[in-house]
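Residue-level structural notes
Now for the letters of each chain:
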Amino acid sequence: MGVVNVTPDSFSDGGSFFATDAAVAHGRRLAGEGADQLDVGGESTRPGAEPVSQQEELRRVLPVVEALAGDVSAAISIDTTKAGVARAALAAGATIVNDVSALRFDPTMVEVVAERGAVCCLMHMRGEPRTMQEEPRYDDVVAEVEAFLEQRLAFAVAAGIAESDVWLDPGIGFGKTLEHNLELLRRLDEIARIGRPVVVGTSRKSFLGRLTGRSEGERVPGTIATSVLAYERGASVFRVHDVAELRDALTVAAATVGREAAWTSTKSR
Ligand code: HH2
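Residues numbered from 1 in each chain as written. Predicted model: local features only at pLDDT ≥ 70, side-chain atom pairs only at ≥ 80, totals over all residues. Heavy atoms only, no water.

Quick notes on the overall build of the protein
We apply this condition: Every helix listed is a DSSP run of H or I at least four residues long, and every strand listed is a run of E at least two residues long, numbered separately from the N terminus. Radius of gyration: C-alpha atoms only; globule rule: 2.2 Å multiplied by the number of residues to the exponent 0.38. Should any heavy atoms of two residues lie within 4.5 Å, those residues are counted as being in contact.
The helix and strand inventory of the protein stands at 10 helices and eight strands. Whereas a compact globule of 269 residues would reach a radius of gyration of roughly 18 Å, the protein reaches 17 Å, a difference of no more than 12%. In terms of principal-axis extent, the alpha carbons of the protein reach across some 40 × 40 × 35 Å. Partitioning the contacts of the protein with sequence separation of at least 6, the portion at a separation of at least 24 is 67%.

Here it is as structure tokens:
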């Protein structure tokens, strides 16, 4: 899954693709590099980020979704917590809703996803982006994230979303310390045992910088290491900024463990 951030303030590529044309060109490039999904987002979720109005978010993402949906074979995912943005993006050709609040922030989001029969990615986050990194504490981070994801999956299914349309994500970096992120990656098989596709987003995140001392753009090796280990432990969707590098790494990893490269079959979703 390639990241297309149409934002001025995203943590690793903020501002680079803020103009519609630049974002569309970037999405085309990532699709050409082998992304099976393009995740288009108009609001940064980095710690302390300022909220964006629905009108502004729509202005940013809708032309990009429209242009890419008619143009690339990759499925289009809309990275939003707002039902109005998801509804418009799905009408414009998106087929996946990536909701980092796991259907919690907007009470009407669940209806939009269910009505449209969209795939939805439910992610674990402690609290909300503004405050999530204020002293995150867990007794057992993996058990708590797993319980949360099971509860959100049950909520989605009870509201009419097909279980087969739900992907789950432990939310690396969302209300977690370095140790929490590493523990989640180390024990990712426990999350995979829930039985839904697991999405993992480690791409260029700050915990990689804490381990290596590298700045955002220099964190691709760390992104690859964590993604390959997550793959080995059962993850099947990798939300990344650097698609070509990840694709090669995962192709080699899949051949090594003797598993079919599962991400190639998610294209149509
Ligand atoms: N991470 C980010 C945003 N959305 N969605 C899912 N499902 N999983 C993630 O790990 C995830 C996500 C943060 O990365 P980025 O989009 O690069 O930054 P920003 O939120 O600042 O735009």
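Quick word on the site of the ligand
Heads up, the condition is: The rule for a residue being near a molecule or strand is that one of its heavy atoms must lie within 4 Å of it. A 3.5 Å cut-off defines polar contacts: any pair of N or O atoms within that distance qualifies, except that in protein one atom must be a possible hydrogen donor and the other a possible acceptor, and neighbouring residues in sequence count only when both atoms are side-chain atoms. Only the protein chains shown count as covering a residue, and every accessible area follows the Shrake-Rupley method with a 1.4 Å probe. Residue type decides the class: Asp, Glu, Lys and Arg count as charged, Ala, Val, Leu, Ile, Met, Phe, Trp, Tyr, Cys and Pro as nonpolar, and the leftover types, Gly among them, as polar.
Around the ligand, the structure places 17 residues, and the nearest of them are Ser10, Ser44, Thr45, Asp169 and Lys205. Here an oxygen atom of the ligand and a side-chain polar atom of Asn5 are 3.3 Å apart. One of the side-chain N or O atoms of His241 is found 2.8 Å from an oxygen atom in the ligand. Against a free-state accessible area of 480 Å², the protein chains account for coverage of 98% of the ligand. Within the shell around the ligand, the residues separate by chemical class into five nonpolar, seven polar and five charged.

Notes on unusual backbone geometry
Phi angles above zero are rare outside glycine, and Leu103 is one such case at about 70°. You can see Leu103 is positioned in the loop between β4 (96-99) and α4 (109-116). Positive phi is not limited to glycine here, since Glu135 has a value of about 45°. Residue placement: Glu135 occurs in the loop between β5 (119-123) and α5 (141-158).

Digging into the side chain of Arg204
In this fold, Arg204 is placed in the loop between β7 (198-200) and α8 (206-212). Among the polar contacts listed, one links the side chain of Arg204 to the side chain of Asp242, at a separation of 2.9 Å. Excluding residues within four positions of it along the chain, Arg204 makes contact with Phe11, Ser12, Glu216, Arg219, Thr223, His241 and Asp242.

What about the nonpolar core?
Note the threshold: Put simply, buried Ala, Val, Leu, Ile, Met, Phe, Trp, Tyr and Cys residues joined by side-chain atoms within 4.5 Å make one nonpolar core. Burial classes: relative accessible area under 20% of the type maximum marks a residue as buried, over 50% as exposed, and values in between as partly exposed (1.4 Å probe, protein chains only).
Counting 66 residues, the largest nonpolar core has Leu38, Val40 and Val97 as the members making the most contacts within it. The element best represented in this core is α5, accounting for seven residues. Residues contacting Val97, with those up to four places away along its chain left out, are Ile78, Ala86, Leu90, Met109, Val113, Ala118, Val119, Cys120 and Cys121.

A look at the packing of aromatic side chains
The following threshold applies: Only Phe, Tyr and Trp rings are paired, with Trp represented by its six-membered ring, and only when their centres lie within 6.5 Å; those with planes under 30 degrees apart are stacked, over 60 edge-to-face, the remainder tilted. Criterion for a charge above a ring: Lys NZ or Arg CZ within 6 Å of the ring centre, and within 35 degrees of the ring normal.
Across all of its chains, the model carries one aromatic pair by this definition. Here the guanidinium or amino end of Arg152 rests over the ring plane of Phe155, the centre of that ring lying 4.4 Å away. Here the guanidinium or amino end of Arg259 rests over the ring plane of Tyr231, the centre of that ring lying 4.6 Å away.

A short note on the packing of helix α9 (residues 220-232) against helix α10 (residues 243-257)
Stated formally: The angle between two axes is taken between their N-to-C directions and runs from 0 to 180 degrees, where each axis is a line fitted to C-alpha atoms and a helix contributes only its stretch in contact. By convention the crossing between two helices is left-handed if the near helix lies anticlockwise of the far one by an angle smaller than a right angle, and right-handed if it lies clockwise.
Where α9 contacts α10, the two axes come as close as 10 Å, and the packing angle between them is 35°. Where α9 crosses over α10, the two elements pack in a sense that is right-handed. On α10, the residues touching Val220, Thr223, Ile224, Ser227, Val228, Tyr231 and Glu232 of α9 are Glu245, Leu246, Ala249, Leu250, Ala253, Ala254 and Val257. A per-class count over the contact of α9 with α10 returns 10 nonpolar, two polar and two charged.

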